[in-house]
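# Structural characterization, general
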Amino acid sequence: MPIVQLYQADAPSMSFPQGCDLLQVLWCPFEHGDSYYPLPRVYWRDARAVDQVAATPAAPGEAPEDHVPNPCVVHPEQVTEYPSWDLPDDVWAALKDRFAQLKSDTGWRYHYHLADAPGIKLGGYPGWTQEPVWPDCDSCGQRMHHLLTVASWEYDGESWRTWLPIEDRAVDDAQEPWRSEQGKAAWDAAGLMLGDAGGVYIFECPSCPGRPIGHRFDCS
């Protein structure tokens, strides 16, 4: 199943392999062995070498409905993130008083409102639900880089206050935009539910030939 297709022109700050300008991410929607989530695959391509564009294959009739995304248009928006669960303990200790003051002054909590962006995204930090589990590259042994998160929804009842995408800010003026019809369409645009509101995290090693990938999954 196609999950994400992105051209380099839509993500100019992202590193593509030499000679490639198209990223395609697919997954098999079924569970595999002890992995209770879809199995992802990553393909880097040269769009100029694509002669004929094939029709999108229909989802297998027995595929889990929550693992088959709705067709969506990509509206790239670049944001600045900071580590949430990946924040080192000593940094957290040094900043916890400032975080407490921020919450007192604004009602914003660092983890929800300022750290890692929720939703489907490229790069940045994984939006872990559980403790971080970064994969290491089998070839070089180095920790892999986060390539893509595919999340169950785009924001929740707190994170929308700072992470609502630009094109979704025209939703009804309600204090809780996900409760409006237009807001719910933005909150659940892909129509996915991965476990208990979890996410699939895809990693890569850009230093090794073939840019090997790894993947993780967690949920509530």
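These numbers were taken from a predicted model, which means no experiment stands behind them.

### Side note on the overall build of the chain
- If you tally the helices and strands in the chain, you get four helices and seven strands.
- Of the regular secondary structure in the chain, the N- to C-terminal order runs β-β-β-α-α-β-β-α-α-β-β.
- For a compact globule of 220 residues, the expected C-alpha radius of gyration is about 17 Å, and the chain comes in at 18 Å, within 12% of that figure.
- Its C-alpha atoms give the chain principal-axis dimensions of about 55 × 45 × 35 Å.
- With 220 residues in all, the chain has 36% of them scored as buried.
- Within the chain, counting contacts between residues at least 6 apart in sequence, those at least 24 apart form 64% of the total.
- As displayed, the chain offers around 13100 Å² of accessible surface, 49% of which is attributable to carbon and sulfur atoms.
- Here the chain carries 15 positive and 33 negative side-chain charges, and the mean point of each set is 4 Å from the other.

### Quick look at the side chain of Ser-84
- By the secondary structure assignment, Ser-84 is in the loop between β3 (39-45) and α1 (89-106).
- Leave out the neighbours within four places in its chain, and Ser-84 touches Tyr-110, His-111, Ala-115 and Asp-116.

### Let's talk about the side chain of Gln-24
- Tracing the backbone shows Gln-24 in strand β2 (residues 22-28).
- A polar side-chain atom of Gln-24 sits 3.2 Å from a polar atom in the side chain of Arg-45.
- Ignoring anything within four residues of it in the chain, the contact list for Gln-24 reads Val-4, Gln-5, Arg-41, Val-42, Tyr-43 and Arg-45.

### A look at the sheet that holds β3
- Overall, antiparallel pairing links the three strands, which are arranged β1-β2-β3 in an open sheet. Every interior strand has two partners, whereas the edge strands, β1 (2-7) and β3, have only one. Neighbour-to-neighbour, the strand axes of the sheet open up by a mean angle of 15°, direction not taken into account.
- Of the pairings in the sheet, the one linking β1 to β2 comprises five bridges and is antiparallel in character. Bridge pairing in β2 places Tyr-7 opposite Leu-22.

### Examining the nonpolar core
- In terms of nonpolar packing, the biggest core is built from 24 residues, with Met-14, Val-25, Trp-27 and Trp-44 touching the most fellow members.
- Put simply, the parts of the chain that give this core at least two residues each are β1, β2, β3, β5 (145-151) and β6 (199-204).
- For Val-25, the residues in contact, after removing those within four places along its chain, are Met-1, Pro-2, Ile-3, Val-4, Arg-41, Val-42, Leu-148 and Ile-202.
- Counting eight residues, the second-largest nonpolar core is a separate cluster that includes Trp-128, Tyr-201, Phe-203 and Cys-205.

About the thresholds
- Residue indices begin from 1 for each chain and proceed along its sequence in written order.
- Residue-level local features of this predicted model are given only where pLDDT is at least 70; pairs of side-chain atoms are given and counted only at 80 or more, and the full residue set underlies all totals for whole chains, interfaces and linings.
- Only hydrogens and water are removed before side-chain values are computed, so all heavy atoms of the structure are retained for them.
- The way it works is that DSSP assigns letters per residue, a run of H or I at least four long becomes a helix, a run of E at least two long becomes a strand, and they are numbered from the N terminus.
- Note that the radius of gyration is over C-alpha atoms, with the globule rule given as 2.2 Å times the number of residues to the power 0.38.
- Throughout, exposure labels follow a simple rule: accessible area from a 1.4 Å probe, protein chains only, divided by the maximum for the residue type, with under 20% read as buried, over 50% as exposed, and the rest as partly exposed.
- Contact definition: two residues touch when any of their heavy atoms are within 4.5 Å.
- Residue burial considers only the protein chains on display, and all accessible areas are found by Shrake-Rupley using a 1.4 Å probe.
- Here the positive residues are Lys and Arg and the negative ones are Asp and Glu; neither His nor the chain ends is included.
- Lys charges are placed at NZ, Arg charges at CZ, Asp charges at CG and Glu charges at CD.
- Definition of a polar contact: a pair of N or O atoms within 3.5 Å, with one able to donate and the other able to accept a hydrogen when the atoms are protein atoms, and with sequence-neighbouring residues admitted only if both atoms are side-chain atoms.
- A pair of strands is labelled paired if DSSP reports no fewer than 2 bridges between them.
- To obtain each axis, a line is fitted to C-alpha atoms, and for helices this fit is confined to the stretch in contact; angles are then taken between N-to-C directions over 0 to 180 degrees.
- Definition of nonpolar core: a set of buried residues of the types Ala, Val, Leu, Ile, Met, Phe, Trp, Tyr and Cys, connected through side-chain atoms within 4.5 Å.

Read these as spatial facts, not as claims about activity.
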